[in-house]
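Remarks on the overall topology
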Amino acid sequence: MAVLVGKKAPSFKATAVVNGGEIVENFSLDQYLGKKYVIFYFYPADFTFVCPTEIIAFQEKIAEFEKRNVAVVGCSVDSEFAHWKWLTTERKDGGIKGVKYPLVADISKTISENYDVLAGSYDYNEEGQATFTGTPLAYRGLFLIDKQGVVRHQVVNDLPIGRSIEEAIRVVDALQFFEENGEVCPADWHKGDKGLKATQEGIADYLSKK
């Protein structure tokens, strides 16, 4: 699994569904450069089971992300048409109607490969035929990208394990606290807690008050 933290987030242009049902071409995270932070996350597939709980949970917290100047963008290996159908299907019928943030279509699986979250890999057999080993879906990868397009945090869960949206918000708060105050965030730091200076004196002072 590649570590992208500290590196430029892989760039892409792809079809996406935005505003709950509008299909757009050439969607790119580059539109947020210099303007917004981005939570870019992958989920395995449309019309599944853990995935809608995460997607809807992000929507339910979208105001928290927006007030922190964060754009939320989801991505799976499904087509834009599958995204559109799921986004326009009522929740009582297993849909995710009401989700407004963008869902990117990675039907070629190249975005998942570039972020190294594809749950398998391509190879060639002895006859020279392309084969795929593993599962042709994306792991539950999540990447926090700053306004300069640099990945500052990543976490990747296996397919059955849902993520914590509250933890994603906490990490955004920690990054923004560091950027604004120049102090680092100790274990279990939450917004409103004190940070510490990244010096021997700073950690000594922090630990002495624990």
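Residues numbered from 1 in each chain as written. Predicted model: local features only at pLDDT ≥ 70, side-chain atom pairs only at ≥ 80, totals over all residues. Heavy atoms only, no water.

Some points on the layout of surface pockets
The condition is simple: Lining residues are those with an atom within 4 Å of a point, where the points come from a 1 Å grid over the protein atoms alone and group into cavities, where a 1.4 Å probe fits but cannot get out, or pockets, open sets with protein on both sides within 12 Å along at least five of seven lines. Grid points are joined across faces, edges and corners, and a volume is the space filled by probe spheres set on the points.
Volume-wise, the largest pocket comes out at about 240 Å³. Around the largest pocket sit Glu183, Lys194, Gly195, Leu196, Lys197, Gly202, Asp205, Tyr206, Lys209 and Lys210, which together line it.

With respect to the packing of aromatic side chains
Counted only if it meets this: In this analysis, rings of Phe, Tyr and Trp, with Trp reduced to its six-membered ring, are considered paired at centre separations within 6.5 Å, and the interplanar angle assigns stacked below 30 degrees, edge-to-face beyond 60, and tilted for intermediate values. A simple rule labels every residue: compare its accessible area, found with a 1.4 Å probe on the protein chains alone, to the largest value its type can have, and call it buried under 20%, exposed over 50%, or partly exposed in between.
Summed over the entire model, instances satisfying the criterion amount to 14 aromatic pairs. With a centroid separation of 6.3 Å and 45 degrees between ring planes, the pair formed by tyrosine 41 and tyrosine 43 is classed as tilted. Tyrosine 43 shares its class with tyrosine 41; the two are buried. Each residue in the set Tyr41, Tyr43, Phe47, Phe58, Phe65, Trp86 and Tyr101 is aromatic and connected to the rest through ring pairs, giving one cluster.

Quick notes on a nonpolar patch on the surface
This is how it is decided: For patch detection, residues must exceed 30% relative accessible area and be free of salt bridges, and they are connected within 9 Å for like charges or within 5 Å for nonpolar side chains (Val, Leu, Ile, Met, Phe, Trp, Tyr). Computed by Shrake-Rupley with a 1.4 Å probe, the accessible areas treat only the displayed protein chains as cover when residues are assessed. Any carboxyl oxygen of Asp or Glu within 4 Å of a side-chain nitrogen of Lys or Arg constitutes a salt bridge here. By definition, any uninterrupted DSSP run of H or I lasting at least four residues is a helix, any uninterrupted run of E lasting at least two residues is a strand, and each is numbered from the N terminus.
Taken together, the side chains of Ile23, Phe81 and Trp84 make up a nonpolar region of the molecular surface, amounting to roughly 310 Å² of accessible area. One can find phenylalanine 81 in helix H3 (residues 80–87). What makes phenylalanine 81 exposed here is its relative accessible area of 56%.

Shape is all these values report; function is a separate question.
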